[in-house]
Amino acid sequence: MAAQRAYTTHPLVLRRVTVRGVHQVTPKMRRVVLGGEELAAFTRDGTGHPAFAAPGFDDHIKLILAADGDVHAALPAQLPHGIEWTPAEHRLTRDYTPRRVDTQAGELHLDFVVHGDGPAEAWSAAAREGDELWFVGPKSSLRLPERLDWIQLVGDETALPAIGRFLDERPLDAPAHVLVTVSDESARQELALREGDTVTWVVAEPGDAAALEAAVRALPVEGGEGYVWAAAESRALLPVRRYLQRERKLPKDRLNVTGYWHREEAPASAPEAEASAGTVAAPGPARIPSPLPWLVARAALQLGVVDAVADAPGLSAEALATRLGVSGPGIGVLLPLLSSYGVVVGADDGASGLRLGTGLRLGTGLRLGTGLRLGPAGEELLDEHEREEYTGHEAELLLALTHLAPALRDGGSPWRLASGGTLHETVAQDAERYGELVEECEQLVFLLGGLTADPLWESIGTCLLTGPGSASVAAALDDAGRRPRLRVAEDAVPVTVLRGHVPAPDRIDWTAGPADVAVAAKALAHRTDEEAALLLTRLAGWTRTAVLVEASRPDGLSPHAAEAALHAYAATGSPLRDSAAIAALAHRSGWEVERTIALGWGTEATVLRRA
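A brief structural summary. (Residues numbered from 1 in each chain as written. Predicted model: local features only at pLDDT ≥ 70, side-chain atom pairs only at ≥ 80, totals over all residues. Heavy atoms only, no water.)

Notes on the sheet that holds strand S15 (residues 176–182)
The line we're drawing: Strand pairing requires that DSSP identify at least two bridges connecting the strands. Secondary structure elements are taken from DSSP: a helix is a run of H or I of four residues or more, a strand is a run of E of two residues or more, and numbering for both begins at the N terminus. Inter-axis angles, ranging from 0 to 180 degrees, are taken between N-to-C directions of lines fitted to C-alpha atoms, where helices are fitted over the stretch in contact. Contact criterion: two residues are considered in contact whenever any of their non-hydrogen atoms come within 4.5 Å of each other.
One open sheet accounts for five strands, arranged S16-S15-S14-S17-S18; its pairing is parallel. In the strand order of this sheet, the two ends are held by strand S16 (198–203) and strand S18 (255–261), each with one partner. For this sheet, the mean inter-axis angle between neighbouring strands, taken without regard to orientation, is 10°. Alignment of strand S17 (residues 226–233) against S18, held across six bridges, turns out to be parallel. Across the sheet, the residue bridging to Trp229 is Asn256, located in S18. Packing of helix H4 (residues 209–218) onto the sheet brings it into contact with strand S14 (150–155), S15, S16 and S17, and relative to S15 it is tilted by some 160°.

This is the structure:
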């Protein structure tokens, strides 16, 4: 298994602070000093919450604002051990990195880039002493490797708070090589450099990908054990990520590239807008979007077009066809569309098209003389998370929806009609697909504090785990200091995958058997009702107490919340199961619902006892 970055999780707490001062750091950066009793440990509505902690230099907190000015209507619900993002029409959220945390003074410093627009910058421009601000977080802190010979810190002006905090606090004793792009010389700041450090300032327009890439490539490549941290505009980082991963071949645990903001583009033409959509787009006022761009992008990834052009810029269409083992006419069909969607581009030789050795002329949408290179959409498709929308588990669910009408008419799941078997049957035999489910469940570790703090663990000696979220449950129990004996009830292929995702696999008994409690973590989400009832019946043979961890309603912060029920139906033939549906499955299998623990983000833990 590839090395993974390590994080420390924190309880999610909604906090209110007030402005204590506003200072102009540079003409391009404004600092707001915040303070208040809720930065210390405090109690709200009878529930105690820990003091604010943001130990990582690049931690981020989520500021909560409101487009209509009614911020209280936009606030999430505070749970005893988490946050529930209830729907709020006018809620605006923005992530910011604390520049300084002064626990002695009870102060938090936030720096805002002065650019003239945006809700957070507008709030900071109007901020006056005594004004309130609500925020949540951080949810986690990045843990850097313990021994490093050097670290590179790369970013634009939005990254300066994190870079400045790193240099002030020095979380590791290694030379720091800093590169910052700024829009103007006046944005340069004094940084706490030490002997052996270097700093490079580059003047470039915000979001200038070419300038950022060129500056990163110009940095010296040092030997020894190193680490690169980069934060800037999301699209501007794409070529930087490609360079660091593909050319410098930095492993995942030695690299952290994070998009801090998104440049607002002018409204794209219909094909370009659709090409970036990995989920069902809301229909516009005139027409329903075509699925063609999505299908073309998917084909390009499956054939290896994007990777081939990334690895060998300048390929001719004919050479690309040969490299991929695709016919000339086949490439001739694909490339003009990929060009119109911004996946590939080429140098214009003044001709109306490119003639392949096969005699096929490409359409006028592609005018390539010296070869192919990736366009903006192609750069985005190099990102592993972006391409999952076209080739991963979500993409397969989307394709299964071609059978939505007959599934709705005759019953059953679209997945079963598309593949001939249930989704559970598929993933139980496919390590790659099950691995995708396990990785999707990694976010559970931020939500499980409400479960691991529950009194039920005080009498637990043995815990039986099942479901793709098992690795996250094991990690959460470990973080909470809970040390029950763990065993796993899964088929052979899922067991192999889970072994690669838990930190200490030898501590776990990988055979099913009796336990004081069973935790099924996202085990029902890929099962039909019949398969879910069968699993619950099996668990009854091993324990008298079970906990089901499932998403029971859409995440109120997600822009695609309305699609959650459709995705669930594609997978199982049932809409997203709410608390009542989960209780019905439990009763059907001889269990009684004892109580429900709200974990946040639409996820609940349902505690069951044998009737």
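Picking up where we left off.
Digging into a negative patch on the surface
Rules: To count toward a patch, a residue needs a relative accessible area over 30% and no salt bridge; like charges are then connected within 9 Å, while nonpolar side chains (Val, Leu, Ile, Met, Phe, Trp, Tyr) are connected within 5 Å. Using a 1.4 Å probe, accessible areas were evaluated by the Shrake-Rupley method; residue-level cover was limited to the displayed protein chains. A pairing counts as a salt bridge when a side-chain nitrogen of Lys or Arg comes within 4 Å of a carboxyl oxygen of Asp or Glu. For the purpose of counting charges, residues Lys and Arg are taken to be positive, whereas Asp and Glu are taken to be negative. His and the chain ends are not included. For the purpose of locating charges, the reference atoms are NZ of Lys, CZ of Arg, CG of Asp and CD of Glu. For the exposure calls, accessible area comes from a 1.4 Å probe over protein chains only, and a residue counts as buried if that area is under 20% of its type's maximum, exposed if over 50%, partly exposed in between.
Taken together, Glu388, Glu394, Glu439, Glu440 and Glu442 make up a surface patch of like negative charges. For Glu439, the location among the structural elements is in helix H17 (residues 431–440). Residue Glu439 is classed as partly exposed on the basis of its relative accessible area, which comes to 41%.

What to know about the packing of aromatic side chains
As a reminder of what qualifies: Note on ring pairs: Phe, Tyr and Trp rings are taken, using the six-membered ring of Trp, and paired if centres are within 6.5 Å. Classes follow the plane angle, with under 30 degrees stacked, over 60 edge-to-face and the rest tilted. Only when the NZ of Lys or the CZ of Arg is both within 6 Å of the ring centre and within 35 degrees of the ring normal is a charge said to sit over the ring.
Summed over all chains, the structure comprises eight aromatic pairs. Their ring planes at 75° and their centres at 5.1 Å tell us that Phe57 and Phe166 sit as a pair that is edge-to-face. Here Phe57 is found in the loop between strand S5 (47–49) and strand S6 (61–66), whereas its partner Phe166 is found in helix H3 (residues 160–169), with 109 residues between them in sequence. There is no split in this pair, since Phe57 and Phe166 are both buried. One aromatic cluster in this structure is built from Phe57, Phe166, Trp229 and Tyr260. Stacked on the ring of Phe446, the Lys or Arg Lys139 has its end atom at 4.6 Å from the ring centre. Sitting over the ring of Trp591, Arg610 keeps its end group 5.1 Å from the ring centre.

The values reported here are purely geometric and, on their own, carry no functional implication.
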